[in-house]
Amino acid sequence: MCVQSQLCERVSAIMFLVYGDESLDETQSRVCAVAGLVGAEMAWDLLEQRWKQLHGIIPFHANHCESDQGDYAPAPNDDPNQKHKQNQELYKASVILLAESEIGGFASAYDLAAQKSEFPPPMAPPVYYQPFVDVLQAMRNFAAERDDMAELTFDSRVESEHNAGLIYANLRENSPTWRERLAEKISFVSSRTNSRIQIADLFAREAMKALDNQVGPHARPIRKSLKCLQDTGRFVVVGFGANYFRAVKADMDNLCDIWGSVPQDYRKWLKERNRQDSLTNYFQFLQWHINNMPKEKRDCVSDQLNRYRL
């Protein structure tokens, strides 16, 4: 059964809302995960009410809560051990709230070290965008199976918000199957002022830790917190590691044949428009490049994008 079908069977929504966030390991070099939580407005309202009762005025941050940092750091007169225990209990209670709600979720996690090994700079694509598109696609598929639409809101990230919005707009603009299932615009808001993004941060951290516990320096069993979520049948985490990136690299000749001479075309495109090389311009060029392909070739590119999440 596909992951979208698993979500559809257990999440009831008439018009549903998606809230997303990302999480990286402490070195920002091993794992990047992006997660989306989906549910009807009524389910979100109830969970948000209970969440605020649990957390009060403190904006939840999963990493800080687990590691006793930021708002969860012990005060000068606090017993550090007791404070740590309180933080762990708060994290546990937060997971239980999400598990007992009617919200479901999908998360995509990437092994950054494996990616860099197979595609060293400057070939390596930037962090965040691949798992971000995975989450968009999962939610688009979810909406299609429900014959509905998704309205998405993600955490605001200065370094990627513009390009993430550009990717979203291009997906909708150039594909009816995306346009009919995703709302016209994607929103970005600060997690410090939005409880629903804080809840998505919790699931994003669980997805990141799930893969990091496999590929990090110390292999660990599944976390009890993630097992609690997965046992509901409503939360799906997909990880991409060394085998995935080796398969992509092994098929590079075929990918290059399909895409054409992208590097040369990109330099020409920049020169004709008097632009400088940047991530935003590269995304715009790729969309221009795809739009100018013959339909058969464009369909092949679409198949490859779906296959390899490029």
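Scroll up to find the structure this text is about.
This report concerns the structure included in the present document. All values reported here derive from a predicted model rather than from experimental measurement.

## Describing the overall build of the protein chain
- Along the backbone of the protein chain there are 15 helices and six strands.
- Across the 310 residues in the protein chain, those meeting the buried criterion constitute 50%.
- Restricting to contacts in the protein chain with at least 6 residues of sequence separation, those with at least 24 account for 76%.

## Things to note about the packing of aromatic side chains
- Within the structure shown, the criterion is met by 14 aromatic pairs.
- With a centroid separation of 5.6 Å and an interplanar angle of 75 degrees, the aromatic rings of tyrosine 128 and tyrosine 129 are classed as edge-to-face. Across the pair, exposure class does not vary: tyrosine 128 and tyrosine 129 are buried alike.
- With a centroid separation of 4.9 Å and an interplanar angle of 75 degrees, the aromatic rings of tyrosine 244 and phenylalanine 245 are classed as edge-to-face.
- Relative accessible area serves as the criterion here: at 14%, tyrosine 244 is assigned to the buried category.
- For phenylalanine 245, a relative accessible area of 3% corresponds to the buried category.
- Cluster of aromatic residues (ring-pair linked, three or more members): Trp51, Phe60, Tyr72 and Tyr91.
- The ring of tryptophan 178 is capped by arginine 140, whose NZ or CZ atom sits 5.8 Å from the centre of that ring.
- The side chain of arginine 157 reaches across the aromatic face of tyrosine 128, ending 4.3 Å from its centre.

## Some details on the layout of surface pockets
- Of the pockets and cavities examined, the second largest pocket occupies roughly 540 Å³.
- Residue lining of the second largest pocket: 24 residues in total, with Ser23, Leu24, Gln28, His61 and Asn63 positioned closest to the centre.
- Contributions of two or more residues to the lining of the second largest pocket are made by strand 1 (16–24), helix 3 (62–67) and helix 9 (195–215).
- Here the lining of the second largest pocket gets five residues from one element, more than from any other, and that element is helix 9.
- When its residues are assigned to classes, the lining of the second largest pocket shows six nonpolar, seven polar and eleven charged.

Cut-offs applied
- Residues numbered from 1 in each chain as written.
- Predicted model: local features only at pLDDT ≥ 70, side-chain atom pairs only at ≥ 80, totals over all residues.
- Heavy atoms only, no water.
- Helix = DSSP H or I, 4+ residues; strand = E, 2+ residues; numbered from the N terminus.
- Buried < 20%, exposed > 50% of the residue type's maximum accessible area, 1.4 Å probe, protein only.
- Contact = heavy atoms within 4.5 Å.
- Phe/Tyr/Trp six-rings, centres within 6.5 Å; stacked < 30°, edge-to-face > 60°.
- Lys NZ or Arg CZ within 6 Å of the ring centre and 35° of its normal.
- 1 Å grid on protein atoms, 1.4 Å probe; cavity = no way out; pocket = protein on both sides within 12 Å on 5 of 7 lines; lining within 4 Å.
- Points joined across faces, edges and corners; volume = space filled by probe spheres on them.
- Nonpolar A, V, L, I, M, F, W, Y, C, P; charged D, E, K, R; others polar.

By themselves these figures say nothing about function.
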